[in-house]
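Listed below, chain by chain, are the residues.
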Amino acid sequence: MRWPFCSGIDQSRAASAQRLRFLPVLVSLAVLSIAALATACGGGGNTSSSTTTGSPAAPGSIPSNIGKGDSANLTGAGATFPAPIYQAWFDDYMHNVSQKVQVNYQPVGSGAGVTQFTANTVDFGASDVGMTDAQLAAAPDAQLLPTVIGAVTLSYNLSGVTSLKLDGPAIANIYLGAIKNWNDPALTALNPGVNLPNAPIQVAYRSDSSGTSGVFTDYLSKVSDTWKTQVGASTAPHWPVGQGGQGNAGVAAVVKQTPNSIGYIELTYALQNKLPFADVKNKAGKMITPTIDSASVSAAGVTVPSPQYQISITNADGDNAYPISTFTYLLLDKSTGKCTQQTPLVDMLWWVFHDPVAQQDVKDEFYAPLPSSLLPRIEATLKALTCDGGSKPSLKSQ
Amino acid sequence: MAVTTSDRPNRAAGSMKNRLKPGDWTFTVLTSLTALVVVVVIAGMFFELTHDSWPAIKANGIAFLWHTNWDPAREAFGIGSFIVGTLITSVFALIFATLVAVLVALFLVEIAPRFVSRPVSYVVELLAAIPSVVYGLWGIFVMGVFIRDHLGHFIVSYLGWLPFMNGTPLITGLFSACLILTIMILPTVMAVSRDVIAAVPGSQREGIAALGATRWEMIRIAVLPYARSGIMGAAILGLARAVGETLAVTLVIGNSVTLPSNIFAPAYTMASVIANQFPESAGLHQAALIEVALVLLAITFLINALARLLVWKVTGGQRVTVQE
């Protein structure tokens with residue numbers, strides 16, 4: 001059988017064979033460019049999940065009037081720090097309240113969370129540092145909502161030392177390389193009775209850019225002018241001294257394996273792994289041990305602004321406030337979200353702030369809850385959210 | 001994966017003799033399509049990286065390549081120290097891995113009996129199957145501690161008089177990254193070198209042995225010159241892996257933007273800085289990271305071109321093909 005495309009070959013084989021050798025290559029090139037065009041034109045658009053409007057959940061399985069909404073698949077993306085607690089909430093909500101609401105949260109980082117939220121490719125975003133003014137201008141419909149509080153501890157490895165006390169300037173000078181030895185007068189003055197070794201300080205920091213580095217350097221910028229001018233607050237600062245470990249685990253490993261070292265680690269990680277950490281002097285002049293409670297207190301002493309709750313709570317007022325703490329935020333649509341997605345999402349958030357199961361999750365995962373003084377305002381914010389362009393309130397259960 | 005030294009296959013003559021039957025035609029389309037996909041992907045990558053990093057290229061200028069002041073908070077971007085870190089670690093790994101790999105390969109092919117060479121080959125090849133995160137964690141918890149407590153002191157006390165060798169051994173640092181990369185690319189270089197050495201014709205060995213050569217003389221005169229271009233090809237493969245390796249290096253290199261003052265100091269590689277900072281980056285910072293990726297791609301191309309040139313010089317124009 002003769003292949004139709006090749007019918008011309010016999011006539012002028014000698015002359016055209018050379019040319020025809022490249023024919024298949026040309027054909028493939030054409031196919032490829034068409035495919036490339038097709039993907040380029042077909043891309044974009046809303047990739048967020050599909051929704052099916054189904055019957056209400058079985059009444060017997062619902063402990064309250066919450067969550068009688070339609071089933072939904074929600075997607076979110078953003079900060080890695082609160083990912084464990086978000087995962088716990090979403091799982092518990094699905095198991096205890098409504099099996100029809102499934103949430104897929106991707107911990108891709110705060111920066112990516114803001115980008116994806118602004119591009120509308122997710123139903124909600126999450127960010128440890130909130131949004132900058134420029135980012136808010138690009139997403140005018142954004143509503144920030146704090147969920148939990150994170151704190152950063154200074155973990156150390158000093159043989160024979162079981163309690164270490166530090167203050168802001170001392171920490172800044174250690175990370176600037178100005179304090180080089182453990183028996184520096186500035187450190188011995190803070191730790192009377194403690195036998196600090198005459199050994200160089202091995203400084204460890206987070207090499208991956210993270211909200212943890214962001215809040216730590218934000219704190220150092222507040223307590224040290226030298227830090228502020230030389231390094232500044234950043235999720236990826238230019239560290240003057242030290243070695244970088246990747247992630248909490250990386251820093252913890254470096255500290256654990258290096259005698260005479262110090263490194264900063266998230267409170268949740270330090271508590272879970274029972275790492276020793278230092279007390280830090282707060283703005284009121286008291287030495288505070290980082291705990292879930294002292295992290296919560298740091299948010300109680302500040303006036304949280306309306307409507308976006310965006311504020312740094314490092315070096316906060318309050319006698320018992322631990323000074324290196326931060327809010328972590330969800331990014332929500334004020335009015336432009338689709339009701340099919342927004343209603344189940346906001347219903348779930350109401351549950352998050354009210355249900356004992358959800359609040360127990362916070363403690364179990366070693367996060368610090370928001371101070372109770374903030375709750376009425378969060379309720380008001382949730383109630384004010386609308387969907388489908390403002391036509392309906394998002395919250396169904398209230 | 002195989003490296004062959006061969007003459008150019010006489011493709012033109014083959015296709016002239018046979019008419020383009022449907023099967024041939026389909027096959028040609030299929031193969032050229034797949035080959036083109038590779039070319040298009042690389043070209044697309046270059047285009048996309050250049051396009052996305054354009055704001056940073058405009059803002060940073062050419063000094064981007066040698067300044068060592070990477071500081072996203074101040075929007076200062078210079079990747080000199082990353083390039084230095086990448087080159088030192090990969091060249092170190094290339095030299096030591098190739099040395100060890102060729103010795104292991106010679107042992108397996110020329111010296112070891114079959115019941116030894118089989119399991120040893122298998123174990124070395126198994127090294128390639130270990131995920132890089134495992135290498136990285138092992139690097140911190142085992143190798144790093146060994147360097148800090150033993151190997152580092154040994155090097156300082158015997159080589160400390162050399163300019164770059166005197167420092168305080170740490171768990172994470174340039175030397176840890178060099179060593180972990182050496183171990184990681186060893187199986188690639190070894191496996192290819194072994195196949196190349198095994199492919200040296202037996203008649204060549206017999207000939208030289210018949211002239212009264214010892215085993216070492218046989219290897220030196222008959223085996224190594226014949227396998228040279230293939231071993232170079234193996235080294236290129238290893239180098240490509242070393243330049244691009246990310247996770248294991250990120251875990252053990254110490255990630256410091258400051259130029260390392262000695263072999264034990266913390267340093268940074270280009271792949272590591274992208275892995276570390278990309279997730280939380282935005283705006284000019286992100287564009288600068290994409291520019292790092294672009295430079296990394298360009299450096300990889302440059303290294304490959306140089307390596308091929310080197311092979312060509314060494315083998316006197318003999319053609320080398322590397323297939324992966």
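What you are looking at is a predicted structure, and each value in this text was computed from that prediction instead of being measured.

Caption draft 1: Region of the structure containing the overall build of chain A. For chain A, the count of helices and strands is 15 helices and 13 strands. Buried positions account for 48% of the 398 residues belonging to chain A. Long-range pairs, those at least 24 residues apart, make up 71% of the contacts in chain A between residues at least 6 apart in sequence.

Caption draft 2: Examining the overall build of chain B more closely. Scanning chain B from N- to C-terminus turns up 11 helices and 2 strands. Reading chain B from its N terminus to its C terminus gives the helix and strand order β-α-α-α-α-α-α-α-α-α-α-α-β. For chain B, the C-alpha atoms occupy an extent of roughly 65 × 60 × 35 Å along the three principal directions.

Caption draft 3: Expanded view of the packing of helix 3 (residues 80–111) of chain B against helix 6 (residues 174–198) of chain B. Residues and elements named next belong to chain B. Closest axis-to-axis distance for the helix 3/helix 6 pair is 6 Å, and the angle between their directions is 40°. Relative to helix 6, the element helix 3 is oriented oblique. For the element pair helix 3 and helix 6, the recorded crossing hand is right-handed. Considered class by class, the residues forming the contact of helix 3 with helix 6 number 23 nonpolar, 6 polar and 1 charged.

Caption draft 4: Focus on the sheet that holds strand 5 (residues 165–166) of chain A. All names here are of chain A. Taken in spatial order, the 3 strands of this open sheet run 5-9-10, and their pairing is mixed. One side of each edge strand has no neighbouring strand; the edge strands of this open sheet are strand 5 and strand 10 (287–288). Examined bridge by bridge, strand 5 and strand 9 (residues 279–281) share 2 bridges and lie parallel to one another. Along strand 9, the bridge assignment pairs Lys165 with Asp279.

Caption draft 5: Fine view of the sheet that holds strand 2 (residues 101–106) of chain A. Residues and elements named next belong to chain A. Reading across the sheet, the 8 strands line up as 2-1-3-11-4-8-6-7 and stay open at both edges, with mixed pairing between neighbours. Of all strands in the sheet, those bounded by a partner on one side alone are strand 2 and strand 7 (243–245). Each strand axis lies, on average, 25° off the axis of its neighbour in the sheet, ignoring direction. Of the pairings in the sheet, the one linking strand 3 (residues 124–127) to strand 11 (residues 325–333) comprises 3 bridges and is antiparallel in character. Across the sheet, Ser127 pairs through a bridge with Tyr329, a residue of strand 11. Sheet strands touched by helix 4 (residues 110–118): strand 1 (72–78), strand 3 and strand 11. Its angle to strand 3, the strand with the most contacts, is close to 155°.

Caption draft 6: Spotlight on the pairing of strand 1 of chain A. Residues and elements named next belong to chain A. Here strand 1 lies mainly inside the structure; 5 of its 7 residues are buried. When strand 1 meets strand 2, the two strands line up parallel, connected through 6 bridges. Opposite Thr75, over in strand 2, you have Asn104 as the bridge partner. Taken together, strand 1, helix 3 (residues 83–96) and strand 2 form a β-α-β motif whose crossover is right-handed. Both strand 1 and strand 3 contribute to a ladder of 3 bridges, which runs parallel.

Caption draft 7: A look at the domain arrangement of chain A. What the domain assignment lists for chain A is domain 1 (11–148 + 329–393) and domain 2 (152–299). At the interface, 12 residues of domain 1 of chain A touch 12 residues of domain 2 of chain A.

Caption draft 8: Layout of the environment of Thr98(B). Relative to the assigned elements, Thr98(B) resides in helix 3. Taking the C-alpha atoms as reference, Thr98(B) lies 27 Å from Ala293(B); in sequence the two are 195 residues apart.

Caption draft 9: Representation of the domain arrangement of chain B. All names here are of chain B. In terms of domains, chain B is made up of domain 1 (22–52) and domain 2 (56–315). Using C-alpha coordinates to define each centre, domain 1 is positioned 29 Å away from domain 2. Listed as interface residues are 5 residues of domain 1 and, on the opposing side, 5 residues of domain 2. Classifying every residue of the side of domain 1 that touches domain 2 by side-chain character gives 3 nonpolar, 1 polar and 1 charged.

Caption draft 10: Quick look at the nonpolar core. Within the largest apolar cluster, 171 residues are counted, with the highest numbers of intra-cluster contacts made by Leu154(A), Leu331(A), Ile180(B), Leu181(B) and Val189(B). Not counting chain neighbours up to four residues away, the residues in contact with Val189(B) comprise Ala97(B), Thr98(B), Ala101(B), Ala234(B), Ala235(B) and Gly238(B).

Caption draft 11: The arrangement of the confidence of the model for chain A in detail. All names here are of chain A. Predicted confidence across chain A gives a mean pLDDT of 82, with 82% of residues reaching 70 or more. Helix 1 (residues 13–20) is the least confidently modelled element of chain A, averaging 49 in pLDDT, while helix 6 (residues 168–176) averages 96, the highest of any element. Here residues 1–17 is modelled with pLDDT under 50, and outside its nearest four sequence neighbours on either side it reaches 11 contacts, counting other chains as well. For the stretch residues 40–68, pLDDT sits under 50, and the model shows 42 contacts to residues farther than four places along the chain or on other chains.

Caption draft 12: The arrangement of the environment of Thr258(A) in detail. Along the chain, Thr258(A) turns up in the loop between helix 10 (247–257) and strand 8 (261–266). Sequence separation of Thr258(A) and Val280(A) is 22 residues, and the distance between their C-alpha atoms is 22 Å. Ignoring anything within four residues of it in the chain, the contact list for Thr258(A) reads Asn157(A), Gln202(A) and Ile171(B).

Caption draft 13: Region of the structure containing helix 8 (residues 211–223) of chain A. Here helix 8 of chain A is 13 residues long and its end C-alpha atoms lie 18 Å apart, about the 18 Å a rise of 1.5 Å per residue gives. By the burial criterion, the buried members of helix 8 of chain A are Gly211(A), Thr212(A), Ser213(A), Gly214(A), Val215(A), Phe216(A), Thr217(A), Asp218(A), Tyr219(A), Leu220(A), Ser221(A) and Val223(A).

Caption draft 14: Structural view of the confidence of the model for chain B. Residues and elements named next belong to chain B. Across chain B, the average pLDDT comes to 87, with 91% of residues at or above 70. With pLDDT under 50 throughout, residues 1–7 is counted as low confidence; its partners more than four residues away or in other chains account for 20 contacts. Long-range and interchain partners of residues 320–324, a stretch whose pLDDT sits below 50, account for 16 contacts in this model, where long-range means more than four residues apart. At the level of chain-chain contacts, confidence expressed as ipTM amounts to 0.77, with global pTM at 0.78.

About the thresholds
- Residues numbered from 1 in each chain as written.
- Chains lettered and ligands numbered in written order.
- Predicted model: local features only at pLDDT ≥ 70, side-chain atom pairs only at ≥ 80, totals over all residues.
- Helix = DSSP H or I, 4+ residues; strand = E, 2+ residues; numbered from the N terminus.
- Buried ≥ 20, exposed ≤ 12 C-beta atoms within 10 Å, placed from the backbone.
- Contact = placed C-beta atoms within 7 Å.
- Axes fitted to C-alpha atoms, helices over the stretch in contact; angles between N-to-C directions.
- Parallel < 35°, antiparallel > 145°, perpendicular 65-115°, else oblique.
- Left-handed = near helix turned anticlockwise from the far one by under 90°.
- Nonpolar A, V, L, I, M, F, W, Y, C, P; charged D, E, K, R; others polar.
- Pairing = 2+ DSSP bridges.
- Right-handed = clockwise from strand over helix to strand, strands pointing away.
- Domains from an automatic or database assignment.
- Core = buried A, V, L, I, M, F, W, Y, C linked by C-beta atoms within 7 Å.
- pLDDT = per-residue confidence, 0-100.
- Expected span 1.5 Å × (residues − 1).

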